[in-house]
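Remarks on the overall topology
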Amino acid sequence: MVDITINGLPCKAREGITILTAAKEAGFTIPTLCFLEGTTPQGACRACVVEVEGFAALAASCSTPVNNGMVIHTNTKRVRNARRDVVELMLSEHSGDCQTCVRSTDCELLTLAQNLGIRNISFTGESLKNTIDSSTPALSRDPGKCIKCRRCVTICHDIQHVGAISAQFRGYDTVIGPAFSRPMDSVACVQCGQCAAVCPTGSITEITHIEAVWKAIDDPARHVVVQTAPAIRAALGECFGYEPGTLVTGKMVTALREIGFDAVFDTNFTADLTIIEEGSELLKRLEDALVHGKEVALPQYTSCSPGWIKYAEYFHPEILPNISSCKSPQQMFGALAKTYYAQKIGVDPADMTVVSIMPCTAKKFEAQRPEMNSSGYQDVDYVLTTRELGDMIKMAGIDFLSLPDQKMDAPFGISTGAADIFANTGGVMEAALRTVYALVTGRILPAEGLHIKPLAGLEGIKTAEVTLTDTVDRWRFLEGVTARVAVAHGLGNASELIERIKETGEVFHFIEVMTCPGGCIGGGGQPRFTTDDVRRARIDAIYREDEGRELRQSHDNPYITQIYEEFLKSPLGEKSHHLLHTTYEERETVEML
Amino acid sequence: MISASEHKVDHLMESLKPGHEPDETALFPVIDDIITSYHGQGGALIPVLQTIQNMLGYLPENSLRYVSKAMKIPFSEVTGVVSFYSFFSTQPRGTYLIRVCMGTACYVRGGNEVLEAITRELGIRVGETSDDHQFSLEVGRCFGACGLAPVVMVNDTVHQRVKPSKVRELIAQYQQAAAEKMEAAL
């Protein structure tokens, strides 16, 4: 511990922490822009400068460690003026359209300018040009609104290990973007949208489908169905001022009906279905290896997270055979909505629009993959992020806070607790083990509260073991086998795990990968701003949703039994193969010209 | 400085045709050798790029793509470094590369006027190469010769205290050298 003084208050601070952290812990707020929790400070924006006695220049508090005896002032005339100058300089070149910008209610630059009391901009000069790059399905980039804080670069390189964007050129000409500031579709971007999630301004945002969805809803000839991903219900409330981790499932359903969707369904249903298909696939791989002595690709990796799929296609094509051939729950839903459900209600799939509400931007990319049309049409037409749904509810004039709770429609609105936990890191694995264990042994997974403790939490890479004993006849070859599973979230962690397996030969049977830190609850399409505290609150909410359910194992879902009886026949069967499974393609990270 | 094996470099140089990017089959093995010679050293990207540029006079885009792949550095980061430093060029340059210093000292002592004079004299703008491929014009950000400001570098030669009125003479000297070289070649 070191002794420091902040604004006249003597405090103790842990050695090595920054002035910013020490001040926060002592109860003093220092404004920041480029600072991003959990990453190496950039010191790029200078909004967090403070005065340190004995220092000639002001110090950037985010990147200056505390020293014993340091006397710090966070609120002097010099500090206030410097911060104001810094922000005025940013504003002087910022090509904002603050009245109509999608970020006008949560823009960190605007908020900071307001908090600093900036009422006029003393600097005049050239403004940045608004050159909007909307070359990819999911993300739009406008360097005119960029303040070069480099949060997006940090998250893209250090957390996701993708490196699609960096600072290009120099000085005033600096552009944060792909190589030579070319369009995003020319580089290996996985569309995860973590850049959009951390952008302080409206420079990087999702490409919106709101208008297209209104158009479909307003067309009386169209049957418009909506599916909501498990992670939405634990975060949507934040768009309306609820604390992170407030569950708003019932209100969300009511709001979707009021918006005008013809049927309100749950991606949870196809999450349950994913467990049946993916679990069967795992058992088949194990049987092929252990009984038939075949060469099979193990460990099996999960396939729900489209950013991870694209990442593997670019950066780890060698493990594509290991990735489950199951489509993601979103795409299974689209394929079944336009076949099974359309037949059931007598609607021509040509007249049906399938809309997804996703915590994710990569889902917009996934829906447009050319192979995702096994119904004969594009299986999922439009994808809205949680944020976009929040906007639509506001546009519809719905008073979200006072809405009553309603339930989703059958058949695709019925699901189990195992589907809920698809929303968080470790959840898909836990859900899969609940079902696989039950299938193989005929007993319920022997874990307290059905939770596998080592797989919970925000640790980047997690592992667990489950030993199978007293197996039923069908799966007797697994008697005594200890299944080893691993979970990684954030693509950097996924990459690290893949390399670790390659180097050490460590044996795993099943591995869950989620693109975004924390899993879908921390997705690129979730309400801003997602910190670890917010992640934990949302994860707690998801576990509460799971624990509150009567049915908590996917194979207990009666509508899953029904859809196999009526339509799909058997897991991994012909119909499943056609509608629920897919293939992957190797992609070049840097193509030679 | 060039750490590629000599016969590979010879092969590469032979394969270079004016106006064409270097042949990949000749270029990439040379880049491999350069990268290998820096193996295990942190911060090798800049020296690797320098070596390639010294050899070819510029950095063809495919060389950057190849460096990105071979060194496992994101392409956006490689181009970020290349576009940051004025020393690097992705365009082929003329026989004589004229770099006018625009660092603070040179700027204050008339660097900009010198640049304007050169622009007029050669009829090309910053970043361009003359039609006869003799001259390329660029600006630099401090060559570390502030005491001699304003400074102009032509290839590796530093010209000190350049005056706009002396620019014509300076360029003529190189034009003459070029003409003599051409004559000798014929």
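Keep in mind that what you see is a predicted model, and the values were worked out from it rather than measured. (Residues numbered from 1 in each chain as written. Chains lettered and ligands numbered in written order. Predicted model: local features only at pLDDT ≥ 70, side-chain atom pairs only at ≥ 80, totals over all residues. Heavy atoms only, no water.)

1. Regarding the pattern of salt bridges
Residues and elements named next belong to chain A. Using the criterion set out here, one finds 46 salt bridges over all chains in the structure. Across the pair E25 and R14 runs a salt bridge whose closest N-O atoms are separated by 2.4 Å. In this pair, E25 is assigned in helix 1 (residues 19-25) and R14 in the loop between strand 2 (9-13) and helix 1, connecting sequence segments 11 residues apart. Since its relative accessible area comes to 39%, R14 is described here as partly exposed. When the shortest N-O distance is used, the salt bridge between E281 and R285 registers 2.7 Å. In this pair, E281 and R285 are both assigned in helix 8 (residues 267-290), four residues apart and thus about one turn of the helix distant. (Salt bridge = Lys/Arg side-chain N within 4 Å of Asp/Glu carboxyl O. Helix = DSSP H or I, 4+ residues; strand = E, 2+ residues; numbered from the N terminus. Buried < 20%, exposed > 50% of the residue type's maximum accessible area, 1.4 Å probe, protein only.)

2. Focus: the interface of chain B and chain A
Reports often express the size of an interface as the amount of accessible area lost when the parts come together. Taken together, the contact pairs 21 residues of chain B with 21 residues of chain A. Surface buried jointly by chain B and chain A totals about 1,600 Å² across both partners, of which 58% is contributed by carbon and sulfur atoms. Per-residue buried area on chain B facing chain A is highest for R65, K69 and S76 of chain B; these three make up 32% of the total on that side. With a closest N to O distance of 2.7 Å, E588 of chain A and K69 of chain B form a salt bridge. Our count for the contact surface shared by chain B and chain A stands at 14 residue pairs in polar contact (both at pLDDT 80 or more). Looking at the side of chain B that touches chain A, the elements that each hand over two or more residues are helix 2 (24-37), helix 4 (61-71) and helix 5 (75-84) of chain B. Classifying every residue of the side of chain B that touches chain A gives seven nonpolar, eight polar and six charged. (Contact = heavy atoms within 4.5 Å. Buried area = accessible area lost by both parts, 1.4 Å probe. Polar contact = N/O pair within 3.5 Å; in protein donor to acceptor, adjacent residues only side chain to side chain. Nonpolar A, V, L, I, M, F, W, Y, C, P; charged D, E, K, R; others polar.)

3. Some words on the environment of V50 of chain A
Residues and elements named next belong to chain A. Mapped onto the elements of the fold, V50 is located in strand 3 (residues 49-52). Overall, the relative accessible area of 0% leaves V50 in the buried class. If we ignore the near neighbours within four places in the chain, the residues touching V50 are I19, I30, L58, A59, S61, I72, H73, T74, V79 and R83.

4. As for the domain arrangement of chain B
Parsing chain B into structural domains produces domain 1 (6-84) and domain 2 (96-185). The straight-line distance from the C-alpha centre of domain 1 of chain B to that of domain 2 of chain B is 27 Å. (Domains from an automatic or database assignment.)

5. Side note on unusual backbone geometry
In most cases, non-glycine residues show a negative phi, while peptide bonds are predominantly trans. Residues and elements named next belong to chain A. Residue P299 follows L298 across a cis peptide bond; omega there is 0°. With respect to the element layout, P299 can be found in the loop between helix 8 and strand 12 (300-301). Residue P411 is bonded to the preceding A410 through a cis peptide linkage, with omega at 5°. Structurally, P411 can be placed in the loop between helix 12 (386-395) and helix 13 (417-420). Non-glycine residue R150 carries a positive phi angle of around 70°. By secondary structure assignment, the location of R150 is in the loop between strand 6 (139-141) and helix 4 (151-159). Notably, Q191 is not glycine yet its phi reads approximately 70°, a positive angle. You can see Q191 is positioned in the loop between strand 8 (175-177) and helix 5 (194-198).

6. Observations regarding the packing of helix 2 (residues 77-93) of chain A against helix 3 (residues 108-115) of chain A
Residue and element names in this part refer to chain A. Contact geometry for helix 2 and helix 3: axes closest at 10 Å, N-to-C directions at 135°. By the angle between their directions, the pair helix 2 and helix 3 is classed as oblique. For the element pair helix 2 and helix 3, the recorded crossing hand is left-handed. Between helix 2, through V87, M90 and L91, and helix 3, the contact on the second element is made entirely by L109, L112 and A113. Among the residues making up the contact of helix 2 with helix 3, the classes are represented as six nonpolar, no polar and no charged. (Axes fitted to C-alpha atoms, helices over the stretch in contact; angles between N-to-C directions. Parallel < 35°, antiparallel > 145°, perpendicular 65-115°, else oblique. Left-handed = near helix turned anticlockwise from the far one by under 90°.)

7. What about a nonpolar patch on the surface?
Residues and elements named next belong to chain A. On the surface, a cluster of nonpolar side chains totalling about 240 Å² of accessible area is made up of L89, I121 and F123. As for its position among the elements, F123 is in the loop between helix 3 and strand 6. In this structure F123 comes out as partly exposed when scored by relative accessible area, which is 31%. (Patch = residues over 30% accessible without salt bridge, like charges linked within 9 Å, V, L, I, M, F, W, Y side chains within 5 Å. Areas by Shrake-Rupley, 256 points an atom, 1.4 Å probe, with all protein chains shown as cover.)

8. Let's talk about the sheet that holds strand 4 (residues 59-60) of chain A
Residue and element names in this part refer to chain A. Strand order in this open sheet of five strands is 2-1-5-3-4, and the pairing throughout is mixed. At either margin of the open sheet sits one strand with a lone partner, and together these are strand 2 and strand 4. Alignment of strand 1 (residues 2-6) against strand 2, held across five bridges, turns out to be antiparallel. What sits directly across from V2, in strand 2, is A13. Across the face of the sheet, helix 2 comes into contact with strand 3 and strand 5 (71-73) while running at roughly 155° to strand 3. (Pairing = 2+ DSSP bridges.)

9. As for the nonpolar core
Residues and elements named next belong to chain A. Counting 61 residues, the largest nonpolar core has L236, L336 and F412 as its most contacted members. At eight residues, the largest contribution of residues to this core is made by helix 10 (residues 329-345). Excluding its chain neighbours within four sequence positions, the residues that come into contact with L236 are V248, M252, T386, L389, G390, I393 and F400. Grouped together as the second largest cluster of nonpolar side chains are 42 residues, C156, I204, Y311 and L497 included. (Core = buried A, V, L, I, M, F, W, Y, C linked by side-chain atoms within 4.5 Å.)

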